[in-house]
Amino acid sequence: MLTVASDIEVLARFGRALADPVRCRLLLALREAPAYPSDLADALGVSRTRLSNHLTCLRDCGLVVAAPEGRRVRYELADERLGHALDDLRTAVVAVETDRACPDARTKDCC
């Protein structure tokens with residue numbers, strides 16, 4: 001059981017980071033490989049400004065790090081274990097959604 005305030009705060013920060021679909025897609029993309037913001041913006045179909053805001057959020061949450069490379073900055077997950085955690089979380093959530101009794105589990109109108 002979590003009782004340490006810092007553990008709870010860390011998990012809450014992780015939850016806030018995952019609360020936005022663009023940030024989820026961004027984390028999943030960085031799970032595959034480090035990337036530059038312009039490439040990520042193109043791959044995710046969002047503006048560079050919007051992507052920059054999401055990268056700032058993820059960096060502030062401690063989930064991604066920026067690695068300067070000359071005049072460019074490459075982003076990557078702060079720890080490779082985050083990639084494994086994302087895989088495990090995604091697998092568990094998909095399994096639960098698949099097993100749910102509600103036939104409309106994949107819609108926002110579900111019970």
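Structure's up top.
Since the structure is predicted, the reported quantities are computational estimates derived from the model, not experimental observations.

Caption draft 1: The layout of surface pockets, seen in detail. When its volume is computed, the largest pocket comes out at roughly 260 Å³. Surrounding the largest pocket, Leu18, Cys24, Leu27, Leu28, Leu86, Leu89, Arg90 and Val93 form its lining. Put simply, the parts of the chain that give the lining of the largest pocket at least two residues each are helix H2 (21–32) and helix H5 (80–99). Element by element, the count of residues in the lining of the largest pocket is highest for H5, at 4 residues. The residue inventory of the lining of the largest pocket, partitioned by class, reads 7 nonpolar, no polar and 1 charged.

Caption draft 2: Here's a closer look at the nonpolar core. Grouped together as the largest cluster of nonpolar side chains are 21 residues, with contacts concentrated most on Leu26, Leu27, Leu30, Leu51, Leu58, Leu63 and Val64. By residue number, the principal contributor to this core is H2, which donates 4 residues.

Caption draft 3: Molecular detail of the pattern of salt bridges. Following the criterion strictly, the structure yields 6 salt bridges and no others. For Arg74, the salt bridge is made with Glu69, and the minimal N-O distance between the two is 2.6 Å. Accessibility expressed as a relative area gives 32% for Glu69, which makes it partly exposed. A salt bridge links Asp79 to Arg81, with the shortest nitrogen-to-oxygen separation between them at 2.7 Å. Residue Asp79 is classed as partly exposed on the basis of its relative accessible area, which comes to 24%. By relative accessible area, Arg81 is classed as exposed at 61%. By sharing partners, the salt bridges in this structure join Arg31, Glu32, Asp87 and Arg90 into a single network.

Caption draft 4: Seen up close, helix H4 (residues 48–60). Under the 1.5 Å per step criterion, the end-to-end length of H4 is 18 Å for 13 residues, consistent within 8% with the ideal 18 Å. All buried positions along H4 are accounted for by Leu51, His54, Leu55 and Leu58. Buried residues in H4, looked at end-on, bunch into an arc of 105°, giving them a common side. Every exposed residue of H4 that faces more than 90 degrees away from the buried side is listed here: Thr49, Asn53 and Asp60. Once H4 finishes, Gly62 follows within two positions and takes phi at roughly 80°, a positive value.

Each value, and the rule that gives it
- Residues numbered from 1 in each chain as written.
- Predicted model: local features only at pLDDT ≥ 70, side-chain atom pairs only at ≥ 80, totals over all residues.
- Heavy atoms only, no water.
- 1 Å grid on protein atoms, 1.4 Å probe; cavity = no way out; pocket = protein on both sides within 12 Å on 5 of 7 lines; lining within 4 Å.
- Points joined across faces, edges and corners; volume = space filled by probe spheres on them.
- Helix = DSSP H or I, 4+ residues; strand = E, 2+ residues; numbered from the N terminus.
- Nonpolar A, V, L, I, M, F, W, Y, C, P; charged D, E, K, R; others polar.
- Core = buried A, V, L, I, M, F, W, Y, C linked by side-chain atoms within 4.5 Å.
- Buried < 20%, exposed > 50% of the residue type's maximum accessible area, 1.4 Å probe, protein only.
- Salt bridge = Lys/Arg side-chain N within 4 Å of Asp/Glu carboxyl O.
- Expected span 1.5 Å × (residues − 1).
- Arc of directions from axis to C-beta.

These figures come from the coordinates and say nothing about function on their own.
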